[in-house]
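Architecture at a glance
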Amino acid sequence: GGVIISSQIEIFSKELQKKGLNYYKKEFLPHLSQEIYDKPWISVFCYKETFEQIKEALLQDTQKIYLVFQHDIQGENIINMPFLNILDYEKILYVCDGNIVRGENSLISAIVSKKPFLWDIYKEHNNAHTEKIEDFILFLKTFSQNNDYFEDFRAFNLSEDKAKVLKHIFSLHEKNMFHQLSAYTYQNAHLLRKLKK
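Residues numbered from 1 in each chain as written. Predicted model: local features only at pLDDT ≥ 70, side-chain atom pairs only at ≥ 80, totals over all residues. Heavy atoms only, no water.

A few points about helix α6 (residues 103-112)
Across the 10 residues of α6, 7 count as buried, placing the element largely inside the fold. Buried within α6 we find Gly-103, Ser-106, Leu-107, Ser-109, Ala-110, Ile-111 and Val-112. Buried positions along α6 lie against α5 (86-95), β4 (98-102), β5 (117-120), α7 (128-140) and α11 (176-189). Just past α6, the residue Lys-114 takes up positive phi, approximately 70°. (Buried < 20%, exposed > 50% of the residue type's maximum accessible area, 1.4 Å probe, protein only. Helix = DSSP H or I, 4+ residues; strand = E, 2+ residues; numbered from the N terminus. Contact = heavy atoms within 4.5 Å.)

A short note on helix α1 (residues 7-19)
When the terminal C-alpha atoms of α1 are compared, their 19 Å separation across 13 residues agrees well with the 18 Å that a helix rising 1.5 Å per residue should span. All buried positions along α1 are accounted for by Ile-9, Glu-10, Phe-12, Ser-13 and Leu-16. End-on, the buried residues of α1 take up no more than an arc of 160°, which puts them together on one face. Exposed residues lying more than 90 degrees from the buried face of α1 are Ile-11, Lys-14 and Lys-18. (Expected span 1.5 Å × (residues − 1). Arc of directions from axis to C-beta.)

Set out below in structure tokens:
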């Protein structure tokens, strides 16, 4: 059928293009140093098991600022985020330079943000998630032949060495795929537009 994309998010996306990331970084988290605003921001909303495997890598990566949801961790490059309503959370995904998300709702929000993302897929006891991973990769291949990203996405979900993926996931991968994926979602899966038609 489709996905629901908030009209408020569409308006916010246009405002963001005009005013820039730093303007909204300061709006969301005022009183930080300019150095923090100038660094890439990565939001982290993942399952506990995944977080335990990546937290040391987050702490060591002082070139980025990590906005961490639902996990308490202390570090100079870490900002522990409070609970946000869904609209504010979606706006954060747009303001960040990359996102780690879990769950289908967060995945859709990450897709429409046009930002590089890693999806921490729910690990099912019958291993059905492994088929979902391969299906999702197959779908993504219609937008890119970037096998590095596909391997990283697979490793992030199936490997015990998730930290290795984080070292380059948000710097090396092409951004064009994420723009195309977002455009596809707007054109083919925007439920409210489809219902209006």
